[in-house]
Protein chains: 4
Amino acid sequence: MQFLSDNAAAVHPRVWDAMRAADAPQPPYDTDALSQQLDAVFADLFGRPCTVLWVATGTAANCLALASMVPPHGGVICHREAHIETDEGGAPGFYTHGAKLILAEGEGAKLTPASLDAVIAGIRKDVHQVQPQAVSVTQASEYGRAYRPAEMAAMAAAAQAHGLALHVDGARFANAVAYLNCSPWEACQGAAALSFGCVKNGGMSAEALVFFDEELADVARLRRKRAGHLQSKGRFLAAQVLAMVEGGLWLDNARAANAAAQELAGAAGERLLHPVEANELFVRLNSAERDALRRAGFSFYDWGADAARLVTAWNSDPGHVAALARAIAAL
Amino acid sequence: MQFLSDNAAAVHPRVWDAMRAADAPQPPYDTDALSQQLDAVFADLFGRPCTVLWVATGTAANCLALASMVPPHGGVICHREAHIETDEGGAPGFYTHGAKLILAEGEGAKLTPASLDAVIAGIRKDVHQVQPQAVSVTQASEYGRAYRPAEMAAMAAAAQAHGLALHVDGARFANAVAYLNCSPWEACQGAAALSFGCVKNGGMSAEALVFFDEELADVARLRRKRAGHLQSKGRFLAAQVLAMVEGGLWLDNARAANAAAQELAGAAGERLLHPVEANELFVRLNSAERDALRRAGFSFYDWGADAARLVTAWNSDPGHVAALARAIAAL
Amino acid sequence: MQFLSDNAAAVHPRVWDAMRAADAPQPPYDTDALSQQLDAVFADLFGRPCTVLWVATGTAANCLALASMVPPHGGVICHREAHIETDEGGAPGFYTHGAKLILAEGEGAKLTPASLDAVIAGIRKDVHQVQPQAVSVTQASEYGRAYRPAEMAAMAAAAQAHGLALHVDGARFANAVAYLNCSPWEACQGAAALSFGCVKNGGMSAEALVFFDEELADVARLRRKRAGHLQSKGRFLAAQVLAMVEGGLWLDNARAANAAAQELAGAAGERLLHPVEANELFVRLNSAERDALRRAGFSFYDWGADAARLVTAWNSDPGHVAALARAIAAL
Amino acid sequence: MQFLSDNAAAVHPRVWDAMRAADAPQPPYDTDALSQQLDAVFADLFGRPCTVLWVATGTAANCLALASMVPPHGGVICHREAHIETDEGGAPGFYTHGAKLILAEGEGAKLTPASLDAVIAGIRKDVHQVQPQAVSVTQASEYGRAYRPAEMAAMAAAAQAHGLALHVDGARFANAVAYLNCSPWEACQGAAALSFGCVKNGGMSAEALVFFDEELADVARLRRKRAGHLQSKGRFLAAQVLAMVEGGLWLDNARAANAAAQELAGAAGERLLHPVEANELFVRLNSAERDALRRAGFSFYDWGADAARLVTAWNSDPGHVAALARAIAAL
């Protein structure tokens, strides 16, 4: 009974179907008919012009976005616990050619205008200190917290006031939108680029890098090839992305994962370290309690010495979820 | 009737089957059971210890290999028409952090020990000139020419004599081995790393980067993550690679593509600019002749002003091939 | 009356003399007779084999050292307030091709084995997190604190235990050695490379990058050229460095600066934020007090809202020092 | 009797004087009064607004210029024998983060609009090939050839037509202007940046990087610090540059070097491989002849198997020059 992560979950049947259907003669790279539909489909979804590039991983999506926004001598402000800082193996340094990640604080791994201001106030405006050109936020955050539309708007305004481009890491964007019950744009408003995650949400090997600023997309297109991410059979990535968006599959899947998380949250109650707003739970569990759960057949990661991280997925087994909820409640 | 390239050909049914079979619960990245089999399967294939990393593209495979061999201040000797020089959008410069591609000559886009010696003789051994640490050859070459085992052995010896690591770009390695009718190792002997192509040969989105030097693999593993190429559902890439090797599918597919090329070569006769040893043909055809072929329904790329490039694939339609052969013969 | 910094102080007459004497016909770059003496002179100074490269700035010295120790996908542990982190305009990211500065804590901007252990304990040993290969300490630290020989030995042992190369940023190494009254090696023992500062200590445009590991020096020599730091009239840089070492000028100058700092420290008393062990003072002074001192003709930098940084130099005017001491005491 | 190079020649007395005069209290980096004069002095010299940065080497000047013009995924067109391609130890790859040097042809190591067109015609406009953003020419060229004002204007027009920024490597710009007897601007017209050489022409350790495009200068200023080239006692570099320009010293020195070269050229006559237009001569001399000259006390570099390179300097000894001229004539 697996609650380790959503990142290796099964591929949704409709994604499989779309991939099979894509195996017809098509021109290579992103010149196929499916890849050519992406801009329009996302423009429709976000209610504004988009330029969309598929890439194989969230790390590539995030770092191509940042590399299009920030020169090598520049910097990106992000949360101290952002994925780009802690879990991408130095990929931002690679893609941006050594630009600096400038770390800011914020509850629940969310930035605020105040935390942004604070970090910028500490930077002298001279050539001896790295000057930021972008800010990256994660929707939902590394602690599964969602920026409300008003919060996102405030972040966008703060970024703009400082002349920073806004990047949204949306590895679990679907979970955030499902939770917020807002329009997709409201959940990332003001972004110049959004890493729209699919892999954790029923996809196989495609994320959508959505640019709301076409000039950045033009740079990213060159950088994608330069990074070896321009697959010749790109139609199979486009097919995955289109299948996720079509008929709202992305939201359906996210809602399923969120619902499972809520069921667990109800059982965890006071043990929760963070409010549960997506599909991740951080639960205070001591070593003996974690051992007991594992003996009962549940797998998950420790989170420090006194807690566990539980992640649900689009296809979390309802029986497993119920069992885990009961087991936690019974501790 | 498509002879543009093999790079967007259909995915082989056995690859599809393997991918579907891989959609069971598995740990992420390359910790799944399929990824864990790669080293052994390739060790068997090559008759020596291997460390194998899947990646999504040939560009990524080539450049991760080179980045593991060459420091940023170093250089890679390759043919003036090598894919890494002409068609990877500067990816070698990105992955190696600006190491230099040092260009050598050679008939049919093949290097020789003499051409290697010549380029090295022109490099002063001082800090003002970039010193090479690796040489990259393409098997089969950009003109579809295969290095015979003895030629490859001679290149390896020359590389070793100059203290250079040997990389083999095997985007069409299968076609070369099928043509040479030798063991896989004979076709790349002496290599420290081989980009073992699958995508052009019936795969979807996975190439095998095969290291015969484990230390290089250790570096490449870190760099793969840093380049955003460590997919979380890596089992689907491993499945593709395993399917290609299993039962010799890779050679069967290559033989089919090569046979189609030979059929066309027979028709092209004196028009051939290069002997046909793989699945690419470079055929002298003037503008009017190319127009005629296109009007007859054949698609292909111009190759300069007076020739065309024709590429066959594992699934080239026998009827299309026969029709093109007839059409060329009739010109 | 200038206490802003030592970094623009006058050039010592003996440095001038040595430069003038160097203006005779000599071969270029570092093949001149003076550059060729550096290894031996520093071997003598440190009591062990050295390979010494001159460079124009401390930033270049630090970053060439780090780039020789750390691959692009690697990391360097340093103090949160280290110069390489806060004041080199992102140069470490440039020279190392995006390696990560991993920040550690420590009183007085000094690392300890415990702070090193703490930061390493937080790094998972997998490809998703950047793995460190080096640690950089500053002697004297950014707060003018000196590592005692035993402390340096302990840091070296801790670095070795973790498999990390040790770099010592010695922009004010002379001040530290003068304060510690130990041998030069005792003050940097265990280092693989030392940035031996001259510019702040009476030089003009030359620092000595001292390698105690010859293989690193071989890399740095190539990187120096690649960074545009191999001056063709290198004899003038070598002359500066040799003049600093000859007859112990480096220590004489440092002692003068330290003595001036001690005179001010005596006056500052309880106001000192850090013990004064080199030529920098951090003095609690409110805004009104700073204004008063400035009106009296003293120039210096604010240090946050409630303090000032005062820096003495080898040629600080004794009258100015005495005047400032009196002024502070009188506040 | 030294004709190896001008790159290690003596420092002119007026440069020494200016440096000594600069050793008064001044703020650091480029905030001193001398550095602050550079823009105006060069604006006067070139008859248009300039932004001028001092740097220590020609390699740094060239590469900072290119890095300000070209993104990492871009390219720079230059001659196959340009110094940036052959003798800067890969520095362009370092500074530009792996942008490609795209090599063009041209007699005397000079590009022409036709050679520029030819190389651009060979580049497909897609993401698979590196797209150029700049072109770099050398005035005087690596064979000591000067672009006439009309030639430079034609190059500038061609660059503009292709949307390329123009960089002029002027390591021996003074020699070119002295030969052409034109205004400085005529000799580099259309350039966005000029590396204005001083070191080979009587300076010690300062080149002027002159931007005619202020936005590029703003980038280069950040990159200079990031490259460790922002010296804290920058006043000594500014002093050198100002001394070179003041009273036309740069042209006087260049004329002296050129006159010495012409004296040798007269003696070499038919042996010259290239017309002599600056201070470098390439002279057909077989091995025995070179031996004879060396036995007679002349030092110089071989240039391939059948020639020698002779370089004169601002302070070439008239007696040595006359002796060499006689010796060559007598062969």
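Residues numbered from 1 in each chain as written. Chains lettered and ligands numbered in written order. Predicted model: local features only at pLDDT ≥ 70, side-chain atom pairs only at ≥ 80, totals over all residues. Heavy atoms only, no water.

**Q** Provide a residue-level description of the packing of aromatic side chains, including the pertinent values.
**A** How two aromatic rings sit relative to each other is given by the distance of their centres and the angle of their planes. According to the stated counting rule, one finds 66 aromatic pairs over all chains in the structure shown. Counting every residue linked through ring pairs, the aromatic cluster contains F42, F46, F173, W185, F196, F212 and W250 of chain A. For R224 of chain C, the ring lying beneath its charged end belongs to W54 of chain C, and the centroid distance is 4.3 Å. (Phe/Tyr/Trp six-rings, centres within 6.5 Å; stacked < 30°, edge-to-face > 60°. Lys NZ or Arg CZ within 6 Å of the ring centre and 35° of its normal.)

**Q** Can you explain the pairing of strand β5 (residues 165-170) of chain D? Please cite residues and give values.
**A** All names here are of chain D. With respect to burial, β5 is a largely interior element, five of its six residues being buried. As paired elements, strand β4 (residues 131-138) and β5 share five bridges and run parallel to each other. Each bridged residue has a counterpart across the sheet, and for T138 the counterpart in β5 is D169. Handedness of the crossover is the feature at issue here: the chain leaves β4, passes through helix α7 (residues 149-161), returns alongside β5, and the resulting connection is right-handed. As paired elements, β5 and strand β6 (residues 193-196) share four bridges and run parallel to each other. (Buried < 20%, exposed > 50% of the residue type's maximum accessible area, 1.4 Å probe, protein only. Helix = DSSP H or I, 4+ residues; strand = E, 2+ residues; numbered from the N terminus. Pairing = 2+ DSSP bridges. Right-handed = clockwise from strand over helix to strand, strands pointing away.)

**Q** Let's hear about empty space enclosed by the protein: which residues, and what values?
**A** In this approach, a probe sized like a water molecule rolls over the atoms, and the result shows the empty space that is left. Within the structure shown, the criterion is met by twelve cavities of 30 Å³ or more. By volume, the largest cavity amounts to about 220 Å³. Considering the residues around the largest cavity, the lining is formed by 18 residues, among which S232 of chain A together with T57, G58, T59 and K200 of chain B are closest to the centre. Of the residues forming the lining of the largest cavity, the biggest block, three residues, is contributed by helix α3 (residues 58-69) of chain B. Of the residues assigned to the lining of the largest cavity, the class counts are six nonpolar, seven polar and five charged. (1 Å grid on protein atoms, 1.4 Å probe; cavity = no way out; pocket = protein on both sides within 12 Å on 5 of 7 lines; lining within 4 Å. Points joined across faces, edges and corners; volume = space filled by probe spheres on them. Nonpolar A, V, L, I, M, F, W, Y, C, P; charged D, E, K, R; others polar.)

**Q** Residue-level account of the domain arrangement of chain A, with values.
**A** All names here are of chain A. Domain annotation for chain A reports domain 1 (11-248) and domain 2 (250-330). Taking the mean C-alpha position of each, domain 1 and domain 2 sit 27 Å from one another. Carbon and sulfur atoms supply 53% of the area buried between domain 1 and domain 2, which totals about 2,100 Å² over both sides. Area buried by domain 1 at its contact with domain 2 is led by Y143, R172 and N175, which between them contribute 26% of it. Where domain 1 packs against domain 2, one counts three salt bridges. R148 serves as the salt-bridge partner of E277, at 2.9 Å between the closest nitrogen and oxygen. Taken together, the connections running from domain 1 to domain 2 amount to 14 residue pairs in polar contact (both at pLDDT 80 or more). Elements with a contribution of two residues or more to the side of domain 1 that touches domain 2: α8 (173-180) and α10 (235-245). The element best represented in the side of domain 1 that touches domain 2 is α8, accounting for six residues. Looking at the side of domain 1 that touches domain 2 residue by residue, the class counts come to 15 nonpolar, nine polar and six charged. (Domains from an automatic or database assignment. Buried area = accessible area lost by both parts, 1.4 Å probe. Salt bridge = Lys/Arg side-chain N within 4 Å of Asp/Glu carboxyl O. Polar contact = N/O pair within 3.5 Å; in protein donor to acceptor, adjacent residues only side chain to side chain.)

**Q** Account for the interface of chain B and chain D, naming residues and giving values.
**A** With 16 residues of chain B in contact, the opposing surface of chain D contributes 16 residues. Of the roughly 1,100 Å² buried between chain B and chain D on both sides combined, carbon and sulfur atoms contribute 35%. Linking chain B with chain D are four salt bridges. The shortest N-O distance in the salt bridge between D87 of chain D and R124 of chain B comes to 2.8 Å. (Contact = heavy atoms within 4.5 Å.)

**Q** Talk me through the environment of P132 of chain B; I want residue IDs and the actual numbers.
**A** Residue and element names in this part refer to chain B. Inspection of the secondary structure puts P132 in strand β4 (residues 131-138). Given a relative accessible area of 15%, P132 falls into the buried group. Taking C-alpha positions, P132 is 9.5 Å from A165, a pair spaced 33 residues apart along the chain. P132 has contacts with G75, I77, I102, I123 and L164, leaving out every residue within four places of it along the chain.

**Q** Hey, could you go over the interface of chain A and chain B for me, with residue numbers and the actual values?
**A** Taken together, the 42 residues of chain A in the interface contact 42 residues of chain B. Interface area for chain A against chain B, summed over the two sides, is near 3,500 Å², with a carbon-plus-sulfur share of 55%. Applying the counting criterion to the chain A and chain B interface returns zero salt bridges. Taken together, the connections running from chain A to chain B amount to 29 residue pairs in polar contact (both at pLDDT 80 or more). Secondary structure elements with two or more residues in the side of chain A that touches chain B: α1 (13-21), α3 (58-69), α5 (91-95), α9 (214-226) and α10 of chain A. The greatest single-element share of the side of chain A that touches chain B, amounting to four residues, is contributed by α5 of chain A.

**Q** Which residues make up unusual backbone geometry, and what values do they have?
**A** Cis geometry marks the peptide bond from Q139 of chain B to A140 of chain B; its omega dihedral reads -5°. Position of A140 of chain B relative to the elements: it lies in the loop between β4 and α7 (149-161). One non-glycine residue with positive phi stands out, namely A109 of chain A, at about 65°. Positive phi, normally seen in glycine, also occurs at Y29 of chain C, with a value near 60°.

**Q** A description of the pattern of salt bridges should follow, citing residues and the corresponding values.
**A** Any two side chains of opposite charge can pair, so long as their charged atoms come close to each other. What the rule picks out here adds up to 72 salt bridges over all chains. Between D23 of chain B and R235 of chain B there is a salt bridge, with the nearest N and O atoms lying 3.4 Å from each other. Here R235 of chain B lies in helix α10 (residues 235-245) and D23 of chain B lies in the loop between α1 (13-21) and α2 (33-46), a separation of 212 residues in the sequence. What makes R235 of chain B buried here is its relative accessible area of 1%. One connected set of salt bridges, linked through shared partners, spans D6, R172, E280 and R309 of chain A.

**Q** Explain the relation of the copies chain A and chain B to me, and be specific about the residues and the numbers.
**A** The operation linking the two copies of the chain is a rotation about an axis combined with a translation along the axis. Of the two same-sequence chains, chain A is brought onto chain B (RMSD 0.0 Å, axial shift 0.0 Å) by a rotation of 180°. Expressed as a symmetry operation, the mapping of one chain copy onto the other fits a two-fold axis. No C-alpha of chain A approaches the rotation axis more nearly than that of A227 of chain A, which lies at 3.5 Å. When the interface residues of chain A are mapped onto chain B, 100% of them again lie at the interface, so the same face is used by both copies. (Least-squares fit on C-alpha atoms with pLDDT ≥ 70 in both.)

**Q** If you had to explain the pairing of strand β2 (residues 74-79) of chain A to someone new, which residues and values would you point to?
**A** All names here are of chain A. Most of β2 is tucked away, with six of its six residues classed as buried. Two strands pair when backbone bridges link them, and β2 and strand β4 (residues 131-138) are joined in this way by four bridges, in the parallel orientation. Pairing of G74 across the sheet is with Q131, part of β4. Of the pairings in the sheet, the one linking β2 to strand β3 (residues 100-104) comprises five bridges and is parallel in character. Bridge assignment links G75 to a residue of β3, and that residue is K100.

**Q** Go over the state of the cysteines with me, naming the residues and quoting the values.
**A** In protein structure, a disulfide is the covalent linkage between the sulfur atoms of two cysteines. Under the criterion given, the structure shown has zero disulfides over all chains. Unpaired in terms of disulfides, C188 of chain B finds its nearest cysteine sulfur in C50 of chain B, a separation of 8.5 Å. Distance from the sulfur of C198 of chain D, which forms no disulfide, to the nearest cysteine sulfur (C50 of chain D) is 13 Å. (Disulfide = S-S within 2.5 Å.)

**Q** Tell me about the sheet that holds strand β10 (residues 307-311) of chain C, and name the residues and values.
**A** Residue and element names in this part refer to chain C. Strand order across the open sheet formed by three strands is β8-β10-β9, with antiparallel pairing between neighbours. Two strands bound the open sheet, and with one partner strand each, they are β8 (280-284) and β9 (301-302). Direction of pairing for β9 relative to β10: antiparallel, over a ladder of two bridges. Within β10, the position partnered with Y301 by the bridge is R309.

**Q** Residues and numbers for helix α13 (residues 318-329) of chain B, please.
**A** All names here are of chain B. The end-to-end C-alpha distance of α13, which contains twelve residues, comes to 16 Å, matching closely the 16 Å that a straight helix rising 1.5 Å per residue would cover. Tucked into the core, α13 has its buried residues touching α11 (249-268), α12 (287-295) and β10 (307-311). Its side-chain oxygen 2.7 Å from the backbone nitrogen of G319, D317 forms the N-cap of α13. (Expected span 1.5 Å × (residues − 1).)

**Q** Which residues make up the environment of A288 of chain D, and what values go with them?
**A** Considering the arrangement of structural elements, one finds A288 of chain D in helix α12 (residues 287-295). When the C-alpha positions of A288 of chain D and D306 of chain D are compared, they lie 9.8 Å apart, and in sequence the two are 18 residues distant.

**Q** Lay out the sheet that holds strand β10 (residues 307-311) of chain A with the relevant residues and their values.
**A** Residues and elements named next belong to chain A. Read across the open sheet, the three strands follow the order β8-β10-β9; overall the sheet is antiparallel. Because the sheet does not close on itself, it has two edges, and the strands there are β8 (280-284) and β9 (301-302). Across five bridges, the pairing between β8 and β10 is antiparallel. Of the residues in β10, the one forming a bridge with F282 is R309.

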